[in-house]
Amino acid sequence: MSAAATNIANAVKTAVEALSLAGVTVVRRKTPSVPEGTSAGLPQVVVSVREDVETERLTAVTKRRRFRFAVTIVTAGGQKLADDDTVHTWRESIDDAVFDKQRATFSAVAGFIHLKALGGPVFDPAALPKDFNYSPLSYEAELIESLAT
Amino acid sequence: MANWSGNGSSMLVGAVTLHCRLTRLRKNARLTENTHSGVSSSNYDKVVPDHSWSASVPWDDANLPDTDAGLVEGAKVTIVFAMGASGKSETLTNTTVESLEDVMDNAGDIIRTEVTGRGGALTRPVT
């Protein structure tokens, strides 16, 4: 991971951990998946930053990079696909911390401009193990950085 | 023959480089109509050059267009417009800054300053 992606992932992880959601472990992984067949360690919130980044040149000396990431609540019992009021509440708390309070949450991420909440998945849900429930919140962080010289 | 990327374009205002998203330099002539019996259609002749320019500047709190680069409405400045990756430039000497517009979009953009100016003597790029 590049330094910017690491900083974004750590900033989000810290913000979600600060919520102290009951019984929830917050982890960073490349994709929001957990090992198939075991529900140990659940519920989890998985922070995943996509490695491919949209980049465009902005001026002669700067570039704009857009990092997509997901904050996924993973709970056991995927086969039932039950609607879960607790997960809904957690989603709103996470969104408040990550999106509404983005200026504070990403204050240590150099070049951070703003965050956009996406309406669709950052990772392919079909590729994730079916044993569990996945409830993703998807975002795009925009950074403006200097071009390498 | 070579075509060049527009990236690398900037404005040198006096001694200060201002990095821009977009710069435009319009080479105009002020024309007067001189249609007369010796011509078979309408006829316009040049009076004076009447160039104009504009730039979209991402607002940099360490290099402000007005305070640091001297682009203040009404000021006369000399601007060298770097032409992307070509290595060439064109210059407007003694051009007047006409307007600056600070654009502050809450919904999804960085702060930008849109600058316009008119007049000045043009030095063209050469092959």
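Residues numbered from 1 in each chain as written. Chains lettered and ligands numbered in written order. Predicted model: local features only at pLDDT ≥ 70, side-chain atom pairs only at ≥ 80, totals over all residues. Heavy atoms only, no water.

S.K.: Hey, could you run me through the overall build of chain A in this one?
M.R.: Across its full length, chain A holds 3 helices and 6 strands. The secondary structure elements of chain A, listed N-terminal to C-terminal, are α-β-β-β-β-α-α-β-β. Computed over the C-alpha atoms, the radius of gyration of chain A is 16 Å, within 12% of the 15 Å expected from 2.2 N^0.38 for a compact globule of 149 residues. Expressed as lengths along the three principal axes of its C-alpha atoms, the size of chain A is roughly 55 × 30 × 25 Å. (Helix = DSSP H or I, 4+ residues; strand = E, 2+ residues; numbered from the N terminus. Rg over C-alpha atoms; globule rule 2.2 N^0.38 Å.)

S.K.: How should the interface of chain A and chain B be read in this particular structure?
M.R.: Interface size, as often reported, equals the accessible area lost upon joining of the parts. Between chain A and chain B, the contact holds 10 residues from the first and 11 residues from the second. Sorting the residues of chain A by area buried against chain B places L58, T59 and A60 of chain A first, and these three jointly supply 48% of that buried surface. Inspection of the region where chain A meets chain B yields 3 residue pairs in polar contact (both at pLDDT 80 or more). Looking at the side of chain A that touches chain B, the elements that each hand over two or more residues are β3 (54-57) and β5 (112-118) of chain A. Here the side of chain A that touches chain B is composed, by residue class, of 5 nonpolar, 2 polar and 3 charged. (Contact = heavy atoms within 4.5 Å. Buried area = accessible area lost by both parts, 1.4 Å probe. Polar contact = N/O pair within 3.5 Å; in protein donor to acceptor, adjacent residues only side chain to side chain. Nonpolar A, V, L, I, M, F, W, Y, C, P; charged D, E, K, R; others polar.)

S.K.: Help me understand the pairing of strand β2 (residues 16-19) of chain B in this model?
M.R.: The side chains of a regular strand alternate between both faces of the sheet. Note: strand β1 (residues 10-13) of chain B against β2 of chain B, 4 bridges, orientation antiparallel. The residue bridging L12 of chain B from the neighbouring strand is T17 of chain B, located in β2 of chain B. (Pairing = 2+ DSSP bridges.)

Fair warning: the whole summary comes from geometry, so function is off the table for now.
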